[in-house]
Amino acid sequence: MRLDWRNSGNRVDGKIRKLRKKSAVRFMTAIIVMATLLTACSTNDGGTEGTKAKGEGKRLTEANKKVTIIRNLKSDSLDPLKSWEPLRAGITETLLRLDADMKLAPWLASEWKNVNELTWVFTIRDNVTFHNGTKLDANAVKASLEEAIRTNESLAVSLKISSLSAQGQELTITTAEPYPALPSELVNPYMSIIDAGEKKRIGEKAFNAAPVGTGPFIVKVFKPNIEIALVRYDRYWDGLAKVNEVSYKFNEDSNMRSLALQSKKADIVYQLPAENIATIQKDPSLRVKSISGLRVYLLMFNQQTKEMSDVRVRKAIDMLIDRDGIVNGIMLGNGTKANGPFHAVLPFGNKEEANSLRVEEAKALLYELGYLQGNDGLLHKDGKPLTLDIVTYKGRPELPLIAQLLQSDAAKVGITIRIQVSEDIDVHLREDKQWEIATYAILSSPRGDGGYFLNAALMPGGSINPANIEVKGLSDVLSKLNQTSDVESRISLTKQATKIIQEQLPHAYAAYPNLIVGVNDRIVGWEPGAEEYYIVTNKLDVN
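Our subject in this report is the structure included herewith. Because the structure is predicted, anything quoted here is derived from the model rather than measured.

So, how was this worked out
- Residues numbered from 1 in each chain as written.
- Predicted model: local features only at pLDDT ≥ 70, side-chain atom pairs only at ≥ 80, totals over all residues.
- Heavy atoms only, no water.
- Phe/Tyr/Trp six-rings, centres within 6.5 Å; stacked < 30°, edge-to-face > 60°.
- Buried < 20%, exposed > 50% of the residue type's maximum accessible area, 1.4 Å probe, protein only.
- Lys NZ or Arg CZ within 6 Å of the ring centre and 35° of its normal.
- Helix = DSSP H or I, 4+ residues; strand = E, 2+ residues; numbered from the N terminus.
- Arc of directions from axis to C-beta.
- Core = buried A, V, L, I, M, F, W, Y, C linked by side-chain atoms within 4.5 Å.
- Contact = heavy atoms within 4.5 Å.
- Pairing = 2+ DSSP bridges.
- Right-handed = clockwise from strand over helix to strand, strands pointing away.
- Patch = residues over 30% accessible without salt bridge, like charges linked within 9 Å, V, L, I, M, F, W, Y side chains within 5 Å.
- Areas by Shrake-Rupley, 256 points an atom, 1.4 Å probe, with all protein chains shown as cover.
- Salt bridge = Lys/Arg side-chain N within 4 Å of Asp/Glu carboxyl O.
- Lys, Arg positive; Asp, Glu negative; His and termini not counted.
- Charge placed at Lys NZ, Arg CZ, Asp CG, Glu CD.
- Axes fitted to C-alpha atoms, helices over the stretch in contact; angles between N-to-C directions.

## Re the packing of aromatic side chains
For step 1, the next point in the chain: By the definition in use, this model includes 11 aromatic pairs.
For step 2, the next point in the chain: Centroid distance Phe342 to Phe348: 5.1 Å. Interplanar angle 85 degrees. Geometry classified as edge-to-face. As far as the burial class goes, Phe342 and Phe348 line up, both buried.
For step 3, the next point in the chain: Both rings, one in Tyr533 and one in Tyr534, keep their centres 5.7 Å apart while their planes meet at 80 degrees; by these two values the pair is edge-to-face.
For step 4, the next point in the chain: One Lys or Arg, Arg71, reaches over the ring of Tyr270 and ends 4.9 Å from the middle of that ring.
For step 5, the next point in the chain: The side chain of Lys160 reaches across the aromatic face of Tyr179, ending 5.5 Å from its centre.

## Quick look at helix H13 (residues 359–368)
For step 1, the next point in the chain: For H13, the set of buried residues is Val359, Ala362, Lys363, Leu365 and Leu366. Projected down its long axis, H13 shows its buried positions confined to an angular sector of 160 degrees, all on one face. What points out from H13, more than 90 degrees from its buried face, is the exposed set Glu360 and Glu368.

## Overview of the nonpolar core
For step 1, the next point in the chain: In this structure, Leu95, Ile317, Leu366 and Ile415 are the most contacted members of the largest nonpolar core, which totals 120 residues.
For step 2, the next point in the chain: A total of 7 residues in this core trace back to one element, the largest contributor, which is helix H14 (residues 398–411).
For step 3, the next point in the chain: Beyond its immediate sequence surroundings of up to four residues, Ile415 is in contact with Ile317, Leu320, Leu366, Leu379, Leu386, Leu388 and Ala410.
For step 4, the next point in the chain: Counting 26 residues, the second-largest nonpolar core is a separate cluster that includes Phe217, Leu230, Phe250 and Trp526.

## Quick look at the pairing of strand S20 (residues 387–392)
Within a regular strand, the side chains alternate between the two sheet faces.
For step 1, the next point in the chain: Two strands pair when backbone bridges link them, and S20 and strand S21 (residues 416–421) are joined in this way by 6 bridges, in the parallel orientation. Residue pairing in the sheet places Val391 in a bridge with Gln420 of S21.
For step 2, the next point in the chain: Where the polypeptide runs from S20 across H14 and back to S21, its parallel neighbour, the crossover connection is right-handed.
For step 3, the next point in the chain: When S20 meets strand S22 (residues 437–443), the two strands line up parallel, connected through 2 bridges. When the sheet's bridge partners are listed, Ile390 is paired in S22 with Ile437.

## Thoughts on a positive patch on the surface
For step 1, the next point in the chain: A contiguous patch of positive charge on the surface is contributed by Lys66, Lys220, Lys223, Lys249 and Lys265.
For step 2, the next point in the chain: The topology assignment puts Lys220 in strand S10 (residues 217–223).
For step 3, the next point in the chain: Classification of Lys220 as exposed rests on a relative accessible area of 56%.

## A few points about the sheet that holds strand S18 (residues 379–381)
For step 1, the next point in the chain: The antiparallel open sheet is built from 3 strands, whose spatial order is S17-S18-S19. Whereas interior strands pair on both sides, the edge strands pair on one side only; in this sheet they are strand S17 (372–373) and strand S19 (384–385).
For step 2, the next point in the chain: Bridge count for S18 against S19 is 2 bridges, and the pairing is antiparallel. Bridging from a neighbouring strand, His380 pairs with Pro385 of S19.

## Some details on the sheet that holds strand S9 (residues 170–175)
The pairing of strands in a sheet happens through backbone hydrogen bonds and is either parallel or antiparallel.
For step 1, the next point in the chain: Strand order in the open sheet formed by 4 strands is S6-S7-S9-S8, with antiparallel pairing between adjacent strands. Edge positions in the sheet fall to strand S6 (109–116) and strand S8 (161–167), since each has one partner strand and no second. For this sheet, the mean angle separating the axes of adjacent strands, direction not counted, is 20 degrees.
For step 2, the next point in the chain: By the bridge criterion, 6 bridges tie S6 to strand S7 (residues 119–124) in an arrangement that is antiparallel. Bridge pairing in S7 places Glu111 opposite Thr123.
For step 3, the next point in the chain: Set on the sheet, helix H4 (residues 138–151) makes contact with S7, S8 and S9; between it and S8 the angle comes to about 155 degrees.

Have a look at this one:
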């Protein structure tokens, strides 16, 4: 049976319709739960709370402006050196940032220069204070960078810093080797500048619940995995924030996020499910932003396991990815088929057509490896059925559906795939080494360059390389890339790296998803960015 999707000539196999039906059931359940919660919230003993809330809605002034944002992934810590959320929530800032055109721009550093091939000098702004009132100078930045390198091993690998020195507002960084990409690396949210002295004074646990940064907002209360209550920092260096408070919430249930937007309990909601967009857009006070992002949905392969150590098995799994079904069925056109880690619109992206579903070719390849189909219809080798464990997570609603779609197509060739939904995907992948495949989403070019992804996801010790992948032939190309500043040469080297990746297949790339954000019309002075870094800003305002 086939299903016509609205406003599209594409037809999607019945298996996706079944997945959508399950999602619809969850959505209706969420509606019932939300309705119950809203009813409960409207009832109070004396009536004063309800009256106050109604009155506040009519008296929106500078003194009570508040915004509620819901993110799609949980965070149990606000350690700025290991989590992106403090930067996204407007608590911390980095030396450099990306502008609207994805180009490097000043932030806490007003300017920077490359003195020689190993030496960089950064001028720190003179009018910045931490949330505790301490002045930001080069010594404070030096202490913050040293703390980052001490606590996050992947940063020590990626930054290649051999020494740091500070004098007044001038910070000097010396690298161990020529490293033109250093300014780009300093945009990384893990490079957030913090008051390292305050962290030492109060201890890591207390600091990571309320980090002291330089951003426009201060942490009032942090409820792990639930909410950051933020209040405006009145001495912010770049102009007082337009709103007084921000409720920055976490909820991995995509349907509950959608309903929070529809019920006006949230003003900005990240990563809405594609199937809910049409319903949300019926409300004239709501709008949905679906923009091409810099993220890729992929399958990570754990090459530490027997099956995934063979590139031919990895290639067979890649042939079983129904990219048309993912983009047109699961994502309802809010994305593009992937043919590598980098979107084809980027200068270093792969321009070739993405692979299609090839069930018979996958089966033939596995037969060549000695797998035989038994009477039970399953593939066997050495008396054992081919069974693979795939780990996924709910924070991005498409990923569990992609896992189910792969499970369905793999069954056609006799592969059994067992799906496990993880509550904390990053911890799971690092600590449990038994998984063969994981669905994952990575910002593969957050700074408009491929170097970050290649170093972090495909080099041993990289921050997003939980299986500790080492790709044959890639390190030599990356070594050249990391020492090259010429843009055209970097594009050429990145393409070479991509070719090696496609041959070795450490990952299988499924789709480039759009960033889907729901916004209440009361929000002004704000738009979602493809880089997904800067969410809570001093410009964010409400009518």
